[in-house]
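Each chain, written out:
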Amino acid sequence: LTIADVTRIITQAAQQAYRTRAAIRIPIGSPAEVNIAVTDLTGTVLGLFSTQDAPIFGFDVSAQKARTAAFFSKATAGAELRAAEAGRFVKFADAAAADGIRLDGSIAFSDRANGFLSRPFFPDGIDGTLNGPFSKPINLWSPFNTGLQSALAQTALVRILSGLPVTSCSAIPGLPNGSQIFAGSMPLFKNGVLVGAIGISGDGIDQDDLIAAAGSVGFEAPDPIRADQFIVRGARLPWVKFPRHPNL
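Residues numbered from 1 in each chain as written. Predicted model: local features only at pLDDT ≥ 70, side-chain atom pairs only at ≥ 80, totals over all residues. Heavy atoms only, no water.

Caption draft 1: A look at the nonpolar core. Formed by 52 residues in total, the largest nonpolar core has its most connected members in L103 and I198. When residues in this core are grouped by element, the largest group, 6 residues, is from helix α1 (residues 3-19). (Core = buried A, V, L, I, M, F, W, Y, C linked by side-chain atoms within 4.5 Å. Buried < 20%, exposed > 50% of the residue type's maximum accessible area, 1.4 Å probe, protein only. Helix = DSSP H or I, 4+ residues; strand = E, 2+ residues; numbered from the N terminus.)

Have a look at this one:
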(Lines give C-alpha, C1' and ligand atoms only; values in the text may rest on other atoms or scores of the structure.)
Protein backbone atom coordinates (compact mmCIF):
# COMPACT_ATOMS: atom_id res chain seq x y z
CA LEU A 1 0.00 0.00 0.00
CA THR A 2 1.30 3.43 -0.94
CA ILE A 3 0.82 6.65 1.00
CA ALA A 4 -1.81 7.62 -1.56
CA ASP A 5 -3.61 4.30 -1.07
CA VAL A 6 -3.70 4.65 2.71
CA THR A 7 -4.85 8.27 2.47
CA ARG A 8 -7.66 7.24 0.11
CA ILE A 9 -8.77 4.35 2.35
CA ILE A 10 -8.83 6.48 5.51
CA THR A 11 -10.58 9.36 3.71
CA GLN A 12 -13.29 7.05 2.35
CA ALA A 13 -13.87 5.60 5.82
CA ALA A 14 -13.94 9.02 7.52
CA GLN A 15 -16.43 10.36 4.99
CA GLN A 16 -18.73 7.41 5.68
CA ALA A 17 -18.36 7.93 9.43
CA TYR A 18 -19.62 11.49 9.14
CA ARG A 19 -22.59 10.23 7.08
CA THR A 20 -23.43 7.36 9.45
CA ARG A 21 -26.06 7.67 12.18
CA ALA A 22 -24.41 6.71 15.46
CA ALA A 23 -25.78 3.83 17.53
CA ILE A 24 -24.33 4.87 20.88
CA ARG A 25 -24.63 8.68 20.91
CA ILE A 26 -27.14 11.31 21.88
CA PRO A 27 -28.90 13.24 20.62
CA ILE A 28 -30.30 10.71 18.14
CA GLY A 29 -29.06 11.63 14.70
CA SER A 30 -25.51 12.37 15.78
CA PRO A 31 -22.82 11.04 13.42
CA ALA A 32 -20.63 8.10 14.36
CA GLU A 33 -17.30 8.93 15.97
CA VAL A 34 -14.66 6.31 15.27
CA ASN A 35 -11.00 5.44 15.10
CA ILE A 36 -9.67 4.21 11.75
CA ALA A 37 -6.52 2.10 11.38
CA VAL A 38 -4.84 0.69 8.29
CA THR A 39 -2.13 -1.96 8.68
CA ASP A 40 0.02 -4.05 6.39
CA LEU A 41 0.45 -7.83 6.54
CA THR A 42 3.07 -7.62 9.29
CA GLY A 43 0.70 -5.75 11.58
CA THR A 44 2.58 -2.49 11.10
CA VAL A 45 0.24 0.49 11.33
CA LEU A 46 0.38 2.49 8.09
CA GLY A 47 -2.21 5.09 8.99
CA LEU A 48 -4.45 6.17 11.88
CA PHE A 49 -7.24 8.70 12.03
CA SER A 50 -9.73 9.54 14.77
CA THR A 51 -12.80 11.70 14.31
CA GLN A 52 -13.11 14.60 16.73
CA ASP A 53 -14.91 12.79 19.56
CA ALA A 54 -13.87 9.18 18.87
CA PRO A 55 -13.67 7.14 22.10
CA ILE A 56 -10.15 6.55 23.34
CA PHE A 57 -10.67 2.80 23.85
CA GLY A 58 -11.20 2.38 20.12
CA PHE A 59 -7.76 3.70 19.20
CA ASP A 60 -6.07 0.44 20.19
CA VAL A 61 -9.02 -1.72 19.13
CA SER A 62 -9.11 -0.32 15.58
CA ALA A 63 -5.51 -1.47 15.04
CA GLN A 64 -6.33 -4.80 16.70
CA LYS A 65 -9.25 -5.34 14.31
CA ALA A 66 -7.18 -4.50 11.23
CA ARG A 67 -4.34 -6.76 12.33
CA THR A 68 -6.74 -9.64 12.96
CA ALA A 69 -8.33 -9.40 9.51
CA ALA A 70 -4.92 -9.19 7.83
CA PHE A 71 -3.48 -12.10 9.82
CA PHE A 72 -6.30 -14.61 9.34
CA SER A 73 -6.48 -13.78 5.63
CA LYS A 74 -2.75 -14.47 5.11
CA ALA A 75 -1.39 -17.53 3.35
CA THR A 76 0.84 -18.20 6.36
CA ALA A 77 -1.76 -17.82 9.14
CA GLY A 78 -2.14 -21.54 9.82
CA ALA A 79 1.59 -22.16 9.71
CA GLU A 80 2.27 -19.26 12.08
CA LEU A 81 -0.31 -20.53 14.56
CA ARG A 82 1.20 -24.01 14.46
CA ALA A 83 4.75 -22.73 14.96
CA ALA A 84 4.11 -20.20 17.73
CA GLU A 85 5.08 -21.08 21.29
CA ALA A 86 6.16 -24.62 20.46
CA GLY A 87 2.86 -25.48 18.83
CA ARG A 88 0.65 -24.23 21.64
CA PHE A 89 -2.04 -23.12 19.19
CA VAL A 90 -2.01 -26.23 16.97
CA LYS A 91 -5.34 -27.40 18.41
CA PHE A 92 -7.05 -24.28 17.09
CA ALA A 93 -5.45 -24.62 13.66
CA ASP A 94 -6.43 -28.31 13.60
CA ALA A 95 -10.01 -27.52 14.64
CA ALA A 96 -10.29 -24.95 11.86
CA ALA A 97 -8.83 -27.39 9.33
CA ALA A 98 -11.36 -30.02 10.39
CA ASP A 99 -14.08 -27.53 9.43
CA GLY A 100 -12.44 -26.93 6.04
CA ILE A 101 -10.73 -23.70 7.08
CA ARG A 102 -7.07 -24.12 6.22
CA LEU A 103 -5.92 -20.58 7.09
CA ASP A 104 -3.77 -20.59 3.97
CA GLY A 105 -5.04 -17.48 2.22
CA SER A 106 -7.88 -19.28 0.47
CA ILE A 107 -10.45 -17.41 2.61
CA ALA A 108 -10.49 -13.65 3.15
CA PHE A 109 -11.60 -12.96 6.72
CA SER A 110 -13.39 -9.98 8.16
CA ASP A 111 -13.54 -9.78 11.95
CA ARG A 112 -17.25 -10.60 11.74
CA ALA A 113 -16.34 -13.94 10.14
CA ASN A 114 -13.56 -14.56 12.65
CA GLY A 115 -15.91 -13.77 15.53
CA PHE A 116 -18.53 -16.16 14.15
CA LEU A 117 -15.96 -18.97 14.43
CA SER A 118 -15.06 -17.88 17.98
CA ARG A 119 -18.42 -18.57 19.65
CA PRO A 120 -18.98 -21.34 22.25
CA PHE A 121 -21.98 -22.42 20.16
CA PHE A 122 -21.71 -22.79 16.39
CA PRO A 123 -23.75 -21.60 14.59
CA ASP A 124 -24.14 -18.69 16.95
CA GLY A 125 -27.41 -18.57 18.90
CA ILE A 126 -28.31 -22.26 18.68
CA ASP A 127 -27.99 -23.92 22.07
CA GLY A 128 -26.56 -27.42 22.22
CA THR A 129 -24.28 -27.13 19.21
CA LEU A 130 -20.52 -27.62 19.46
CA ASN A 131 -18.15 -24.72 19.90
CA GLY A 132 -16.60 -22.92 16.95
CA PRO A 133 -13.02 -23.88 16.07
CA PHE A 134 -11.55 -20.79 17.73
CA SER A 135 -13.62 -21.11 20.93
CA LYS A 136 -13.57 -23.21 24.06
CA PRO A 137 -16.53 -25.56 24.67
CA ILE A 138 -19.25 -23.90 26.71
CA ASN A 139 -18.44 -25.97 29.81
CA LEU A 140 -14.90 -24.52 29.80
CA TRP A 141 -15.70 -21.11 28.37
CA SER A 142 -15.60 -17.90 30.42
CA PRO A 143 -14.87 -14.25 29.62
CA PHE A 144 -11.28 -15.00 30.69
CA ASN A 145 -11.00 -18.30 28.83
CA THR A 146 -12.60 -17.74 25.45
CA GLY A 147 -10.35 -19.84 23.26
CA LEU A 148 -7.78 -18.66 20.74
CA GLN A 149 -8.26 -14.97 21.55
CA SER A 150 -7.41 -15.41 25.24
CA ALA A 151 -4.77 -18.08 24.56
CA LEU A 152 -2.81 -15.65 22.37
CA ALA A 153 -2.56 -13.18 25.26
CA GLN A 154 -1.95 -15.68 28.06
CA THR A 155 1.85 -15.75 27.99
CA ALA A 156 2.06 -11.96 28.01
CA LEU A 157 -0.41 -11.80 30.89
CA VAL A 158 1.62 -14.27 32.93
CA ARG A 159 4.75 -12.17 32.34
CA ILE A 160 2.93 -9.00 33.38
CA LEU A 161 1.64 -10.61 36.58
CA SER A 162 5.16 -11.90 37.28
CA GLY A 163 6.65 -8.43 36.90
CA LEU A 164 8.59 -9.41 33.78
CA PRO A 165 9.01 -7.15 30.74
CA VAL A 166 6.57 -7.59 27.85
CA THR A 167 7.30 -6.44 24.32
CA SER A 168 4.20 -7.93 22.67
CA CYS A 169 0.76 -8.99 23.86
CA SER A 170 0.80 -12.08 21.63
CA ALA A 171 3.16 -14.77 20.40
CA ILE A 172 2.20 -13.97 16.80
CA PRO A 173 4.34 -11.16 15.32
CA GLY A 174 1.45 -9.80 13.23
CA LEU A 175 -0.82 -9.57 16.29
CA PRO A 176 1.26 -7.54 18.76
CA ASN A 177 -1.80 -6.31 20.66
CA GLY A 178 -3.76 -9.54 20.34
CA SER A 179 -6.69 -10.58 18.19
CA GLN A 180 -10.24 -9.24 18.08
CA ILE A 181 -13.58 -11.01 17.56
CA PHE A 182 -15.80 -7.91 17.38
CA ALA A 183 -16.83 -6.88 13.86
CA GLY A 184 -15.51 -3.78 12.13
CA SER A 185 -12.69 -4.74 9.78
CA MET A 186 -11.99 -5.71 6.19
CA PRO A 187 -8.91 -7.21 4.52
CA LEU A 188 -7.50 -5.04 1.76
CA PHE A 189 -6.48 -6.33 -1.66
CA LYS A 190 -4.57 -4.59 -4.44
CA ASN A 191 -4.66 -6.13 -7.91
CA GLY A 192 -6.13 -9.25 -6.31
CA VAL A 193 -3.29 -9.58 -3.77
CA LEU A 194 -3.74 -9.25 -0.01
CA VAL A 195 -1.84 -6.16 1.17
CA GLY A 196 -3.29 -5.29 4.57
CA ALA A 197 -6.53 -4.46 6.36
CA ILE A 198 -8.66 -1.66 7.76
CA GLY A 199 -10.10 -1.66 11.27
CA ILE A 200 -12.80 0.60 12.75
CA SER A 201 -13.73 1.02 16.40
CA GLY A 202 -15.84 3.52 18.28
CA ASP A 203 -19.52 2.91 17.58
CA GLY A 204 -21.79 -0.13 17.22
CA ILE A 205 -20.19 -3.03 15.38
CA ASP A 206 -22.70 -2.78 12.51
CA GLN A 207 -21.73 0.86 12.08
CA ASP A 208 -18.05 -0.10 12.33
CA ASP A 209 -18.62 -2.73 9.62
CA LEU A 210 -20.26 -0.18 7.33
CA ILE A 211 -17.43 2.32 7.75
CA ALA A 212 -14.77 -0.36 7.21
CA ALA A 213 -16.51 -1.49 4.03
CA ALA A 214 -16.64 2.08 2.75
CA GLY A 215 -12.95 2.49 3.45
CA SER A 216 -12.13 -0.66 1.51
CA VAL A 217 -13.77 0.49 -1.74
CA GLY A 218 -11.28 -0.07 -4.53
CA PHE A 219 -9.36 -2.55 -2.37
CA GLU A 220 -12.05 -5.21 -1.87
CA ALA A 221 -11.40 -8.93 -1.46
CA PRO A 222 -12.06 -10.96 -4.62
CA ASP A 223 -15.62 -12.30 -4.45
CA PRO A 224 -14.72 -16.02 -4.70
CA ILE A 225 -12.58 -15.96 -1.54
CA ARG A 226 -14.76 -13.77 0.66
CA ALA A 227 -15.74 -15.54 3.88
CA ASP A 228 -19.43 -15.41 2.97
CA GLN A 229 -18.75 -17.73 0.03
CA PHE A 230 -17.94 -20.59 2.43
CA ILE A 231 -20.21 -22.94 4.36
CA VAL A 232 -19.08 -24.37 7.70
CA ARG A 233 -21.22 -27.09 9.32
CA GLY A 234 -24.15 -26.05 7.18
CA ALA A 235 -23.89 -22.34 8.05
CA ARG A 236 -22.64 -19.64 5.71
CA LEU A 237 -19.89 -17.54 7.25
CA PRO A 238 -20.76 -13.84 7.54
CA TRP A 239 -18.81 -11.02 5.89
CA VAL A 240 -20.27 -7.70 7.05
CA LYS A 241 -23.59 -6.54 8.48
CA PHE A 242 -25.00 -3.06 7.91
CA PRO A 243 -27.66 -1.26 9.93
CA ARG A 244 -30.93 -0.38 8.20
CA HIS A 245 -31.12 3.19 6.83
CA PRO A 246 -27.68 3.98 8.27
CA ASN A 247 -27.06 7.44 6.87
CA LEU A 248 -28.04 10.75 8.42
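Caption draft 2: Layout of helix α4 (residues 90-98). Looking only at α4, the buried set comprises F92, A93 and A96. Buried residues of α4, seen end-on, are gathered within an arc of 100 degrees and therefore sit on one face of the element. Away from the buried face of α4 by more than 90 degrees, exposed residues K91 and A98 are located. In this structure, the buried residues of α4 make contact with α3 (77-83) and α6 (148-161). In the stretch just after α4, G100 is the one whose phi turns positive, near 85 degrees. (Arc of directions from axis to C-beta. Contact = heavy atoms within 4.5 Å.)

Caption draft 3: Focus on the sheet that holds strand β3 (residues 185-190). If you walk across this open sheet you meet the 4 strands as β2-β1-β4-β3, and the pairing is antiparallel. Only two strands of the sheet have a single partner each, and these edge strands are β2 (45-50) and β3. Sheet twist, expressed as the mean angle between neighbouring strand axes with direction ignored, is 20 degrees. Relative to β2, strand β1 (residues 35-39) runs antiparallel, the two being bridged by 5 bridges. Bridge pairing in β2 places A37 opposite L48. The sheet contacts of helix α7 (residues 205-215) involve β3 and β4 (193-201), and relative to β4 the element is tilted by about 145 degrees. (Pairing = 2+ DSSP bridges. Axes fitted to C-alpha atoms, helices over the stretch in contact; angles between N-to-C directions.)

Caption draft 4: Highlighting the environment of S150. Secondary-structure assignment places S150 in helix α6. Between the alpha carbons of S150 and S170 there is a distance of 9.6 Å; along the sequence they are 20 residues apart. Sequence-distant contacts of S150, that is, excluding residues within four places in its chain, are made with F144 and N145.

Caption draft 5: Region of interest: the side chain of S110. Tracing the sequence through the fold places S110 in the loop between α4 and α5 (111-116). For S110, the side chain forms a polar contact with the main-chain oxygen of W239, separated by 2.6 Å. In contact with S110, other than residues within four places in its own chain, are S185, P187, P238 and W239. (Polar contact = N/O pair within 3.5 Å; in protein donor to acceptor, adjacent residues only side chain to side chain.)

Caption draft 6: Geometry of a nonpolar patch on the surface. A surface patch of nonpolar side chains, amounting to about 390 Å² of accessible area, comprises L157, I160, L161 and V166. Inspection of the secondary structure puts L157 in helix α6. (Patch = residues over 30% accessible without salt bridge, like charges linked within 9 Å, V, L, I, M, F, W, Y side chains within 5 Å. Areas by Shrake-Rupley, 256 points an atom, 1.4 Å probe, with all protein chains shown as cover. Salt bridge = Lys/Arg side-chain N within 4 Å of Asp/Glu carboxyl O.)

Caption draft 7: Region of interest: the pattern of salt bridges. Going through the model one piece at a time under the given rule, you end up with 12 salt bridges. Note that D53 is salt-bridged to R25, the shortest N-O span being 2.8 Å. Of the two residues, D53 is situated in the loop between β2 and α2 (57-73) and R25 in the loop between α1 and β1; the sequence distance between them amounts to 28 residues. For D53, a relative accessible area of 45% puts it in the partly exposed group. In this structure, D208 engages K65 in a salt bridge whose closest nitrogen and oxygen atoms are separated by 3.2 Å. Taken together, the positions of D208 in helix α7 and K65 in helix α2 put the pair 143 residues apart, joining distant regions of the chain. One connected set of salt bridges, linked through shared partners, spans R112, D206 and D209.

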